[in-house]
Amino acid sequence: MINAPLKRLLQGLRADAGLVILTGAGISRESGLHTFRDTDGIWAQVRLEDVATPEAFARNPAQVQGFYNARRRAVLDPAVQPNAAHHALVQLERQWRGPFLLVTQNVDDLHARAGSSRLLPMHGELLKIRCAACGRVDRFEGDLAVSAICPGCGAIGSLRPHIVWFGEMPLFMAEIGDALSDAGLFIAIGTSGTVYPAAGFAAEAKANGATTLEINMAETGGRFDGGLYGPATQTVPALVDFLCKEVQ
């Protein structure tokens, strides 16, 4: 699966190079979670303007809460578990000799459940809620009612999913920028590369001298130095095995 050009590209890496990995919805698809942009994906079922903007929450909080309550239940379904790709990245984190950072656009908790620790969920976390009045963040696994009371400040109706909506600034941008500036290798896994600022990470890493690689079902536009294409549960473990044996 790791072809000769890709081997040559990766064998030139320093063993202590900084590594930044970006994951998107494609890595969780084989765990049973819908992606966003496929024909059967989440945005084919509902308009993002109705459920994923601050304006939507102000206009119809019950609809927004209902949408995220359903997604929360889906993530908590016992059948939804970390897959081989999630577990392979845990192995890579533990064995990589240089700086390592896993950035995910996903709001599920599958990376954390698999055991990833150097992890930044830049679009928030579905199993957390935030108070729009006081900023308190709590883990939450049930259905959130519009009339819920914040346990911190007592505000009514101020609790919302701890999710970065369209029009809001992603989380951890300073930390991600620092890691990209020092990366020797940047890998994008299962992401369409259409949502900014994450879509610009590969170019930013490359401008700072990093080798860039994508893992996806198909090529997303030739912006990377190399690629590996196919299901994440096959491609990610294969790449991790190569990196741990040949680069380390």
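For the structure, see preceding data.
Analysis parameters
- Residue numbering note: each chain is counted from 1, following its sequence as written.
- Where local features are concerned, this predicted model is filtered to residues with pLDDT of at least 70; where side-chain atom pairs are given and counted, the filter is 80 or more; whole-chain, interface and lining totals use all residues.
- Working from all heavy atoms in the structure, the side-chain values ignore hydrogens and water.
- By definition, two strands form a pair when at least two bridges between them are found by DSSP.
- Per the convention used, a helix needs a DSSP run of H or I reaching at least four residues, while a strand needs a run of E reaching at least two, with both numbered from the N terminus.
- Orientation is described by axes fitted as lines to C-alpha atoms, over the contacting stretch for helices, and by angles from 0 to 180 degrees between their N-to-C directions.
- The contact criterion used is simple: two residues touch if any of their non-hydrogen atoms lie within 4.5 Å.
- By definition here, a salt bridge exists when the distance from a side-chain nitrogen of Lys or Arg to a carboxyl oxygen of Asp or Glu is within 4 Å.
- Burial here depends on accessible area, computed with a 1.4 Å probe over protein chains only, as a share of the maximum for the residue type. Under 20% is buried, over 50% is exposed, and the range in between is partly exposed.
- Roughly parallel here means an angle under 35 degrees, roughly antiparallel means over 145, roughly perpendicular means 65 to 115, and every remaining angle is called oblique.
- The sense of a crossing depends on the near helix, which, turned anticlockwise from the far helix by less than a right angle, makes the crossing left-handed and, turned clockwise, makes it right-handed.
- All amino acids are sorted into three groups, where Ala, Val, Leu, Ile, Met, Phe, Trp, Tyr, Cys and Pro are nonpolar, Asp, Glu, Lys and Arg are charged, and the leftover types, Gly among them, are polar.

All right, on to the sheet that holds strand E4 (residues 124-131) then. Strands sit in the order E5-E4-E6 across an open sheet of three strands; the sheet is antiparallel. The strands lining the two open edges of the sheet, one partner per strand, are strand E5 (137-139) and strand E6 (159-163). On average, adjacent strands in this sheet sit at an angle of 40 degrees to one another, irrespective of strand direction. With five bridges joining them, E4 and E6 adopt antiparallel strand pairing. If you follow Glu125 over to E6, its bridge partner there is His162. Against the sheet, helix H5 (residues 61-75) contacts E4 and E6, and its axis sits at roughly 140 degrees relative to E4.

The next thing to look at is the pattern of salt bridges. All chains considered together, the criterion is met by 11 salt bridges. Notably, a salt bridge pairs Glu93 with Arg118, separated by 3.7 Å at the nearest N-O pair. In this pair, Glu93 is assigned in helix H6 (residues 84-95) and Arg118 in the loop between helix H7 (110-114) and strand E3 (119-121), connecting sequence segments 25 residues apart. Taking relative accessible area as the criterion, Glu93 reaches 4% and is therefore assigned buried.

Before going further, it helps to examine the packing of H6 against helix H10 (residues 232-247). Two numbers describe how H6 lies on H10: the axes approach to 8 Å, and their chain directions differ by 15 degrees. Regarding the angle of H6 to H10, the classification is roughly parallel. Relative to H10, the crossing made by H6 is left-handed. On the side of H6, the interface is formed by Ala84, Ala85, Ala88, Leu89, Gln91, Leu92 and Gln95, while H10 contributes Ala232, Thr233, Val236, Pro237, Val240, Leu243 and Cys244. Looking at the contact of H6 with H10 residue by residue, the classes come out as 11 nonpolar, three polar and no charged.

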